[in-house]
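Given next are the chains, with one letter for each unit.
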Amino acid sequence: MWLRNRSRDLVRNNPYACKAVEELVGNTVGTGIVPQAKTGNAGLDKIIDGEWQYFVEACDTPQRLDFYGCRR
């Protein structure tokens, strides 16, 4: 527990430690999960992947958020 507390304090008070954690998270997680169809049928996968962009924009009923905004 003391190690966690000291690490959090270091990130809060040292800009180098803060940037190191931000870079680690950014390089590990990146842009997040990107769905990709894998049905076993290449033609169907291409159609599904092509339609994904339309779904991303229209998945929220009141049209306030896109798919990635709804995930948060």
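This brings us to the overall build of the chain. Within the chain, the secondary structure is distributed over 4 helices and 0 strands. Reading the chain from its N terminus to its C terminus gives the helix and strand order α-α-α-α. Expected size for 72 residues packed as a compact globule is a radius of gyration near 11 Å; at 19 Å, the chain overshoots this value by more than 25%. The dimensions of the chain, computed from C-alpha atoms along their principal axes, are 55 × 35 × 20 Å. Residues classed as buried in the chain amount to 8% of the 72 residues present. Carbon and sulfur atoms provide 59% of the accessible area of the chain, an area that totals close to 6500 Å². Across the chain, the 10 positively charged side chains and the 9 negatively charged ones have centroids separated by 11 Å.

There is a patch of nonpolar side chains on the surface, built from Val21, Val25 and Val29 and spanning about 240 Å² of accessible area. Note on placement: Val25 falls in helix H2 (residues 15-29).

For the rest of this paragraph, the subject is the side chain of Asp45. Following the sequence through the fold, Asp45 ends up in helix H3 (residues 42-58). One buried charge, Asp45, has no salt-bridge partner; the nearest side chain with opposite charge is Lys38, at 6.9 Å. Here Thr39 takes part through its side chain, which lies 2.6 Å from a polar atom of the side chain of Asp45. The residues contacting Asp45, other than those within four sequence positions of it, are Ala37, Lys38, Thr39 and Gly40.

Applying the stated criterion across every chain, the model contains 2 salt bridges. For Arg12, the salt bridge goes to Asp9, with nearest N and O atoms at 3.9 Å. Within this pair, Arg12 and its partner Asp9 are both found in helix H1 (residues 2-13), separated by 3 residues, close to a single helical turn. By relative accessible area, which is 59% here, Arg12 ends up exposed. Between Glu23 and Lys19 there is a salt bridge whose closest N-O contact spans 3.2 Å. Here the residue Glu23 and the residue Lys19 both occupy positions in helix H2, the gap between them amounting to 4 residues, near one helical turn. Look at Glu23 and you get partly exposed, because its relative accessible area is 38%.

Across all of its chains, the model carries 1 aromatic pair by this definition. Their ring planes at 40° and their centres at 5.3 Å tell us that Trp52 and Phe55 sit as a pair that is tilted. In this pair, Trp52 and Phe55 are both assigned in helix H3, 3 residues apart and thus about one turn of the helix distant. Exposure remark for Trp52: the relative accessible area of 19% places this residue in the buried category.

Cut-off values and rules
Residues numbered from 1 in each chain as written. Predicted model: local features only at pLDDT ≥ 70, side-chain atom pairs only at ≥ 80, totals over all residues. Heavy atoms only, no water. Helix = DSSP H or I, 4+ residues; strand = E, 2+ residues; numbered from the N terminus. Rg over C-alpha atoms; globule rule 2.2 N^0.38 Å. Buried < 20%, exposed > 50% of the residue type's maximum accessible area, 1.4 Å probe, protein only. Areas by Shrake-Rupley, 256 points an atom, 1.4 Å probe, with all protein chains shown as cover. Lys, Arg positive; Asp, Glu negative; His and termini not counted. Charge placed at Lys NZ, Arg CZ, Asp CG, Glu CD. Patch = residues over 30% accessible without salt bridge, like charges linked within 9 Å, V, L, I, M, F, W, Y side chains within 5 Å. Salt bridge = Lys/Arg side-chain N within 4 Å of Asp/Glu carboxyl O. Polar contact = N/O pair within 3.5 Å; in protein donor to acceptor, adjacent residues only side chain to side chain. Contact = heavy atoms within 4.5 Å. Phe/Tyr/Trp six-rings, centres within 6.5 Å; stacked < 30°, edge-to-face > 60°.

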